[in-house]
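Below are the chains, spelled out letter by letter.
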Amino acid sequence: MTALTVVELDRARRDPVVFADVVLGETLWDHQVAVVRSEARYRVLNAGRRAGKTRVFGVLALWLMFTRPGSKVLMISASDTAVKRSHAEIAAMARASIGADDVEDDGVHLLTLDNGSQLQSVPASMKAARSAEADLLIVDEAGFVDQDLWEAAEPVVMAKAGSRVLIASTPWRGPGHFFHDLWREGMEDPSADVEAWHWPSTISPLVDTEFLERRRARMAPDYFDREYLALFTDEAGAFFSIADLEAATADYEMTPPSEALVNGFREHQVGGGIDWGRARDQNVVVLVGVLEDLGLNADGRWRLFVPWIDARYRWEYTDFIDELCNVANCYDVVAFASETNGVGDYPTTDLADRLWQVHHSTTQVARVHTDVRRKETGFGMIKRLLQSDRLVLPNHPELLKELRALEFETTEAGNTRITVPERSGHDDVAMGLLQAVSCVYPSQLRDEPDPVRPQGVDVVETPRGVLVPRQPLPRTAWGVGVPKGSGEGSGW
């Protein structure tokens, strides 16, 4: 940190805006200043993409940590990806200015200053809620954080005198959810308790408005309004309604491949979907299997679920293929459905060769051509599975947003055509799910009523009442196999 005069240091300790400027070297924009200087106990941001919320997180967290030795900031988010990204940005701000020790241990990111103050960043979970005592609680992607988790965390945090809460998200969910309701309260009746702000992406001085207009022209209107204008919207033109997606979502923990082995053996059967990314896209693998509910649901209905998603930008094909081989060595992957049109032809061949020649794996790599008809068939099947209560989704913001972004139109012939909006990097996970679901044959699956419910199982629940183990695993089922449809125009 550059040496400060006594006067500068005193001003920085008293005013977070001055602290941001003279200590962090982060001059705040006008809309950020209003939030940082607010003294409301709850500050709620309904923010579009690139509106500057992470900088506000960092300034408020580091200012508190710098000025109050031994203070604790807890940042939780609905996704591990968002936690890593936000924590990395804040840690970079700290290292460049005030110095900090930054470590990661078992998914928990911990930033510590010399004065004993700490920032702990974790994915949202009941474990995080139970340990939520903090001087400042930051809830990122709050629209995707489960209401029950918030209700568990809020009393613990607010019991600490002088504690503050900063909540931010793009619009998701609606009345009855804490993010929507607190934001509405703060907008309509701001008080010393709750203040709120609306930040469309255009509020940022760095956003190119002409670029945004070009994106608007080729995006689903609902998606653009939510992600960039930060508007709670209706469902006109949306293929998947929020109600359908929320009703099928449970806040369960996905199982990394390293934790899927049982005594060194692959016992959890799945189908895999691969989406190969171009320069600006993600490489994605999504697994789908039949839920082993341990007899928790007396109806005994078979249900599909997603035990694992891995999606990363700038993931070299060689490293991605290594990870796919690792997945196949830990899960019993019957087949990968791998897209070969676009950039996927060569890496699909390379993956098949590596699995067979190096790992002697029985996993099949099925080459599939993804066109309009395959998308219509695949997303149509996902919709039927959701509406018939046969598919449980993880609380994975990127997946839910991408499914929500799909739009449909009726052709002159009276058919329904599903369109994946033409945008870079925002349909990759949804396409991975489509490919994975193509490996499942519902007609071969059978319900297995089991009235015996195990005792002491930690469970979560969908809004429809489906009980799911907190860390569920797939069971072996005859209905998982080589994906349906492969050639151009074949659909399924």
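Reading the values: rules and limits
- Residues numbered from 1 in each chain as written.
- Predicted model: local features only at pLDDT ≥ 70, side-chain atom pairs only at ≥ 80, totals over all residues.
- Heavy atoms only, no water.
- Pairing = 2+ DSSP bridges.
- Helix = DSSP H or I, 4+ residues; strand = E, 2+ residues; numbered from the N terminus.
- Axes fitted to C-alpha atoms, helices over the stretch in contact; angles between N-to-C directions.
- Contact = heavy atoms within 4.5 Å.
- Buried < 20%, exposed > 50% of the residue type's maximum accessible area, 1.4 Å probe, protein only.
- Lys, Arg positive; Asp, Glu negative; His and termini not counted.
- Salt bridge = Lys/Arg side-chain N within 4 Å of Asp/Glu carboxyl O.
- Polar contact = N/O pair within 3.5 Å; in protein donor to acceptor, adjacent residues only side chain to side chain.
- Patch = residues over 30% accessible without salt bridge, like charges linked within 9 Å, V, L, I, M, F, W, Y side chains within 5 Å.
- Areas by Shrake-Rupley, 256 points an atom, 1.4 Å probe, with all protein chains shown as cover.
- Charge placed at Lys NZ, Arg CZ, Asp CG, Glu CD.
- Expected span 1.5 Å × (residues − 1).
- Phe/Tyr/Trp six-rings, centres within 6.5 Å; stacked < 30°, edge-to-face > 60°.
- Lys NZ or Arg CZ within 6 Å of the ring centre and 35° of its normal.
- Core = buried A, V, L, I, M, F, W, Y, C linked by side-chain atoms within 4.5 Å.
- pLDDT = per-residue confidence, 0-100.

Novice: Would you mind showing me how to read the sheet that holds strand β8 (residues 194-199) here?
Specialist: Consider a sheet: its strands pair through backbone hydrogen bonds, and that pairing is either parallel or antiparallel. Read across the sheet, eight strands follow the order β3-β4-β5-β2-β6-β7-β1-β8 without closing on themselves; strand pairing throughout is mixed. Strands with a single pairing partner mark the edges of an open sheet, and in this sheet they are β3 (101-105) and β8. The average angle at which neighbouring strand axes cross in this sheet is 15°, direction not considered. Bridge count between strand β2 (residues 72-77) and strand β5 (residues 118-123): six bridges; the pairing is parallel. Within β5, the position partnered with L74 by the bridge is Q120. Sitting on the sheet, helix α4 (residues 53-67) is in contact with β1 (42-47), β2, β4 (108-112), β5, β6 (136-140), β7 (164-169) and β8, with an inclination near 165° to β6.

Novice: What should I look at first to understand the side chain of D244 in this one?
Specialist: Within the secondary structure, D244 is located in helix α11 (residues 242-247). Look at D244: it is buried, it has no salt bridge, and the nearest opposite charge is K383 at 4.1 Å. Among the polar contacts made by the side chain of D244, one reaches the side chain of Q387 at a distance of 3.0 Å.

Novice: Looking at this structure, I do not really get a negative patch on the surface. What am I missing?
Specialist: Together, D181, E185, E188, D189 and D193 line one region of the surface with negative charge. Inspection of the secondary structure puts E188 in helix α8 (residues 178-188).

Novice: Help me understand the environment of D389 in this model?
Specialist: Topologically, D389 is positioned in the loop between α14 (372-387) and β15 (391-394). For the pair D389 and A352, spaced 37 residues apart in sequence, the C-alpha to C-alpha distance is 34 Å. Dropping the residues within four chain positions of it, D389 is found in contact with R301, R303, R464 and V466.

Novice: It is not clear to me how unusual backbone geometry should be interpreted in this structure. Could you clarify?
Specialist: Among all residues except glycine, the phi angle is most often negative; among peptide bonds, the trans geometry is most common. One non-glycine residue, A230, lies in positive phi territory at about 55°. Within the secondary structure, A230 is located in the loop between α10 (221-227) and α11. Assessed through its relative accessible area of 2%, A230 is described here as buried.

Novice: So what exactly am I meant to see when it comes to α4 here?
Specialist: At 3.6 residues per turn, the α-helix brings residues three or four places apart onto the same side. Its 15 residues place the ends of α4 21 Å apart at the C-alpha level, agreeing with the 21 Å of an ideal helix rising 1.5 Å per residue. Of all 15 residues that make up α4, 14 are buried, and the element is covered over most of its length.

Novice: Even after reading the chapter, I still don't get the packing of aromatic side chains, so can you show me in this structure?
Specialist: A ring pair, where both rings are aromatic, is described by two values, the distance of the centres and the angle of the planes. The tally for this structure, following the rule as stated, stands at 13 aromatic pairs. Measuring from centroid to centroid gives 4.9 Å for F144 and W172, while their planes differ by 20°, and the two rings are stacked. In this pair, F144 is assigned in the loop between β6 and α7 (147-158) and W172 in the loop between β7 and α8, connecting sequence segments 28 residues apart. For the pair F144 and W172, a shared accessibility class is recorded, and that class is buried. With centroids separated by 4.9 Å and ring planes inclined at 85°, the aromatic side chains of F239 and F240 adopt a geometry described as edge-to-face. As far as the burial class goes, F239 and F240 line up, both buried. Joined through ring pairs, the aromatic side chains of W276, W315, Y317 and F320 make up one cluster. In this structure, R55 is placed above the aromatic ring of W29, and the distance from its NZ or CZ to the ring centre is 4.5 Å. For the cation-ring pair, R312 lies above W315, with the distance from its terminal atom to the ring centre recorded as 3.9 Å.

Novice: Help me out: how do you make sense of the nonpolar core in this one?
Specialist: Considering soluble globular proteins, one finds that nonpolar side chains tend to be buried as a cluster. I167, F379, L403 and L433 are the most contacted members of the largest nonpolar core, which totals 73 residues. When residues in this core are grouped by element, the largest group, seven residues, is from helix α16 (residues 428-437). If near-sequence neighbours (up to four positions away) are discounted, L403 is found in contact with F240, L245, F379, L393, A430 and L433. By size, the runner-up hydrophobic cluster in this structure holds 39 residues, among which are V36, L64, A94 and W199.

Novice: Can you walk me through the confidence of the model for the protein chain in this structure?
Specialist: Should pLDDT be low for a region, the predicted coordinates there are not to be read in detail. The pLDDT averaged across the protein chain works out to 87; a share of 90% of its residues lies at or above 70. Taking the mean pLDDT of every element in the protein chain, the minimum, 61, falls on strand β17 (residues 416-419) and the maximum, 97, on β15.

Novice: Even after reading the chapter, I still don't get the pattern of salt bridges, so can you show me in this structure?
Specialist: Oppositely charged side chains can pair when the atoms bearing their charge come close. All chains considered together, the criterion is met by 21 salt bridges. Between R49 and E227 there is a salt bridge; the shortest N-O distance is 3.1 Å. On the criterion of sequence distance, the pair formed by R49 in the loop between β1 and α4 and E227 in helix α10 is long-range, its members being 178 residues apart. Put simply, R470 and D458 hold a salt bridge, and the shortest N to O gap is 2.8 Å. Residue R470 is located in the loop between β19 (467-469) and β20 (473-475), and its partner D458 is located in the loop between α16 and β18 (459-461); the two are separated by twelve residues in the primary sequence. According to the relative accessible area criterion, R470 is buried, its value standing at 16%. What makes D458 partly exposed here is its relative accessible area of 45%. Within the structure, one salt-bridge network assembled from shared partners comprises D299, R301, R303 and D389.

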